[in-house]
Amino acid sequence: MEDWKKDRIGSALKGENPTVIAKMKSGFAVIADPQFLPGYCILLAYPKVFSLNDLNIEQRKAFLLDMSLIGDAITNVCKPIRVNYDILGNSDQFLHAHVYPRYEWEEERRKHPMWLYPEKYWSDDKYQFNEDKYGELKSQLSLKLQKLIELSYKA
């Protein structure tokens, strides 16, 4: 395992996390490790807290706005039929949000949570983020998200 994966937020702060798409008001937008649903991203809250309820109202607004901006970027770049949002915290005990596209080609799987995809989709090397395979997608998401941030944070 790469060292940066041991502390994804700390490595993002140091500029060592290769999955970072953008620094946002509420944390870091990153492209997720598995890309079996192209464009799947995660918002890592910073400062690190246990749950959404540990944030004050203004921080919650920022986190939820940032989460939706990631969804807008995914929608624009990947053209899914919809974007789903999950804030879970069952495995990683810090606030983060999963923002993932759903596609027509998923057929029956699209009707169920992405978490029900078989393990092979989560761990197979062909779906794991790497710059060679997914760098262009990451760049497109980053460019779109930066534009959305500029427009939204001015308002």
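Details of the structure are given in the entry above.
In this text the structure is predicted, and so the values were computed from the model without any measurement.

Procedures and definitions
- Residues numbered from 1 in each chain as written.
- Predicted model: local features only at pLDDT ≥ 70, side-chain atom pairs only at ≥ 80, totals over all residues.
- Heavy atoms only, no water.
- Helix = DSSP H or I, 4+ residues; strand = E, 2+ residues; numbered from the N terminus.
- Rg over C-alpha atoms; globule rule 2.2 N^0.38 Å.
- Buried < 20%, exposed > 50% of the residue type's maximum accessible area, 1.4 Å probe, protein only.
- Pairing = 2+ DSSP bridges.
- Axes fitted to C-alpha atoms, helices over the stretch in contact; angles between N-to-C directions.
- Contact = heavy atoms within 4.5 Å.
- Salt bridge = Lys/Arg side-chain N within 4 Å of Asp/Glu carboxyl O.
- Core = buried A, V, L, I, M, F, W, Y, C linked by side-chain atoms within 4.5 Å.
- 1 Å grid on protein atoms, 1.4 Å probe; cavity = no way out; pocket = protein on both sides within 12 Å on 5 of 7 lines; lining within 4 Å.
- Points joined across faces, edges and corners; volume = space filled by probe spheres on them.
- Nonpolar A, V, L, I, M, F, W, Y, C, P; charged D, E, K, R; others polar.

Asker: Just to check I follow, could you spell out the overall build of the protein chain for this structure?
Answerer: Each helix and strand in the protein chain was counted, giving four helices and five strands. When the elements of the protein chain are put in sequence order from the N terminus, they spell out α-β-β-β-α-β-β-α-α. Since a compact globule built from 155 residues should have a radius of gyration of about 15 Å, the 15 Å found for the protein chain is in line with a globular shape. If you line up the protein chain on its principal axes, its C-alpha atoms span 40 × 35 × 30 Å. Out of the 155 residues belonging to the protein chain, those deemed buried represent 48%.

Asker: Please explain the pairing of strand β1 (residues 20–24) as it appears in this structure.
Answerer: Two faces belong to every sheet, and in a regular strand the side chains alternate between them. One ladder, built from four bridges, connects β1 with strand β2 (residues 27–31); its direction is antiparallel. Looking at β2, one finds that M24 is bridged to G27. Connecting the antiparallel pair β1 and β2 is a turn made up of two residues.

Asker: Hey, could you run me through the sheet that holds β1 in this one?
Answerer: Two orientations exist for strands paired in a sheet by backbone hydrogen bonds: parallel and antiparallel. If you trace the five strands from one edge of the open sheet to the other, you get β1-β2-β3-β5-β4, paired in antiparallel fashion. Both outer strands of the open sheet, β1 and β4 (82–86), are each paired with one neighbouring strand and no more. This sheet shows a mean twist of 20° between the axes of neighbouring strands, independent of strand direction. Its contacts with the sheet put helix α2 (residues 57–78) on β1, β2, β3 (41–45), β4 and β5 (96–102), and the angle it makes with β5 is roughly 25°.

Asker: So what exactly am I meant to see when it comes to the pattern of salt bridges here?
Answerer: Opposite charge on two side chains permits pairing when their charged atoms draw close. Tallying each qualifying case throughout the model produces nine salt bridges. Put simply, K6 and D3 hold a salt bridge, and the shortest N to O gap is 3.3 Å. The burial state of K6 is the same as that of D3; both residues are exposed. In this structure, E104 and R110 form a salt bridge, with 4.0 Å as the shortest nitrogen-oxygen distance. Residue classification places E104 among the exposed residues on the basis of a relative accessible area of 54%. According to the relative accessible area criterion, R110 is partly exposed, its value standing at 25%. A single salt-bridge network, built from bridges that share partners, covers E2, K5, R8 and D33.

Asker: Whenever I open this one, the nonpolar core confuses me. Can you help?
Answerer: Note that soluble globular proteins tend to have their nonpolar side chains buried in a common cluster. In terms of nonpolar packing, the biggest core is built from 47 residues, with M24, I70, L141 and L145 touching the most fellow members. At the level of elements, α1 (8–13), β1, β2, β3, α2, β5, α3 (119–123) and α4 (131–154) are the ones that each hand at least two residues to this core. Setting aside residues no more than four positions away along its own chain, I70 makes contact with M24, A29, C41, L43, V99 and L145.

Asker: Help me understand the layout of surface pockets in this model?
Answerer: Sizing a probe to match a water molecule and rolling it over the atoms shows the empty space that remains. One number sums up the size of the largest pocket: a volume of about 600 Å³. Around the largest pocket sit 24 residues that line it, and Y40, I42, D92, H96 and H98 are the ones nearest its centre. Counting residues per element, the ones that place at least two in the lining of the largest pocket are α1, β2, β3 and β5. Classifying every residue of the lining of the largest pocket gives 12 nonpolar, five polar and seven charged.

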